[in-house]
Amino acid sequence: MVTDPIADFLTRIRNAQMARHRIVEIPASNVKKRMTEILYEKGYILKYKFEDDNKQGLIKIALKYDASSKEPAIRSLERVSRPGLRQYAKPNEISRVQNGLGIAIVSTSKGVMTDKEARVQNVGGEVLCYIY
């Protein structure tokens, strides 16, 4: 049993990139599905597919690498809020990741979104992770 599914999601992606895998499979949940969609929208992954296996489902993610240097598109995945210490922020307190080059994924009352979207909609929430 996994006590922190979001940390497991980030760790699976991090480990797959270090091993230079093309595809990683992750057990699905609604939050993880939305995080995957955000990673795709922001250009950190090539593509993704949600599969139903009559249980909780699977997320298949095709990882993105630089063509010439073979470096992963995601340089860092960092869990911010964790089960033992939740991190909440108001819209004006959400810190900018790498001076705006990265993104923070925030769970708000209006759904899971990036830090920039949260500032535009003027909603705060739990800061899940930083990606750059």
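Placed above this text is the structure.
All values derive from a computational prediction rather than experimental measurement.

### Things to note about the overall build of the chain
Then, in step 1: Along the backbone of the chain there are three helices and eight strands.
Then, in step 2: Its helices and strands in sequence order give the chain the pattern α-β-α-β-β-β-β-β-β-α-β, from N to C terminus.
Then, in step 3: Since a compact globule built from 132 residues should have a radius of gyration of about 14 Å, the 15 Å found for the chain is in line with a globular shape.
Then, in step 4: Dimensions of the chain along its principal axes, counting C-alpha atoms only, are 40 × 35 × 25 Å.
Then, in step 5: In the chain, which comprises 132 residues, the share counted as buried stands at 41%.
Then, in step 6: Once local pairs closer than 6 in sequence are excluded, the contacts in the chain between residues at least 24 apart make up 62%.
Then, in step 7: Approximately 7,800 Å² of the chain is accessible, and the part contributed by carbon and sulfur atoms is 48%.

### Focus: helix α1 (residues 5-18)
Then, in step 1: In this model, α1 (14 residues) spans 20 Å end to end at C-alpha, consistent with the 20 Å of a helix rising 1.5 Å per residue.
Then, in step 2: Buried within α1 we find Ile6, Asp8, Phe9, Leu10, Ile13, Ala16 and Gln17.
Then, in step 3: Buried residues belonging to α1 abut β1 (23-27), α2 (30-41), β3 (58-63), β4 (77-79) and β8 (125-131).
Then, in step 4: Of the residues one or two after α1, Arg20 is the one with positive phi, at around 60°.

### A word on the nonpolar core
Across soluble globular proteins, you tend to see nonpolar side chains buried next to one another.
Then, in step 1: The biggest cluster of nonpolar side chains holds 25 residues, and the ones touching the most others in it are Ile13, Met35, Ile61, Ile105 and Ile131.
Then, in step 2: Mapped onto this core, the elements with two or more residues apiece are α1, β1, α2, β3, β6 (103-108) and β8.
Then, in step 3: With five residues, the top contributor of residues to this core is α1.
Then, in step 4: Once residues lying within four places of it in the same chain are set aside, the contact partners of Ile61 are Phe9, Ile13, Arg22, Ile23, Val24, Ile26, Thr36, Ile45, Lys47 and Tyr48.
Then, in step 5: Counting 11 residues, the second-largest nonpolar core is a separate cluster that includes Ile94, Val97, Val106 and Tyr130.

### What about the packing of aromatic side chains?
To describe a pair of aromatic rings, you give the distance between the ring centres and the angle between the ring planes.
Then, in step 1: Using the criterion set out here, one finds two aromatic pairs in the structure.
Then, in step 2: Considering the side-chain rings of Tyr48 and Phe50, the 5.1 Å spacing of their centres and the 45° angle between planes classify their relative orientation as tilted.
Then, in step 3: Here Tyr48 falls in the partly exposed class, since its relative accessible area comes to 28%.
Then, in step 4: A network of ring pairs unites the aromatic residues Tyr40, Tyr48 and Phe50 as a single cluster.
Then, in step 5: Its end group placed over the ring of Phe50, Lys33 keeps NZ or CZ at 5.4 Å from the ring centre.

### Quick look at the pairing of strand β7 (residues 111-114)
Then, in step 1: Sheet analysis places β6 next to β7, joined by four bridges and oriented antiparallel. For Thr108, the partnering residue across the bridge sits in β7 and is Gly111.
Then, in step 2: Between β6 and β7, which pair antiparallel and follow one another directly, the connecting turn spans two residues.

Conventions used here
Residues numbered from 1 in each chain as written. Predicted model: local features only at pLDDT ≥ 70, side-chain atom pairs only at ≥ 80, totals over all residues. Heavy atoms only, no water. Helix = DSSP H or I, 4+ residues; strand = E, 2+ residues; numbered from the N terminus. Rg over C-alpha atoms; globule rule 2.2 N^0.38 Å. Buried < 20%, exposed > 50% of the residue type's maximum accessible area, 1.4 Å probe, protein only. Contact = heavy atoms within 4.5 Å. Areas by Shrake-Rupley, 256 points an atom, 1.4 Å probe, with all protein chains shown as cover. Expected span 1.5 Å × (residues − 1). Core = buried A, V, L, I, M, F, W, Y, C linked by side-chain atoms within 4.5 Å. Phe/Tyr/Trp six-rings, centres within 6.5 Å; stacked < 30°, edge-to-face > 60°. Lys NZ or Arg CZ within 6 Å of the ring centre and 35° of its normal. Pairing = 2+ DSSP bridges.

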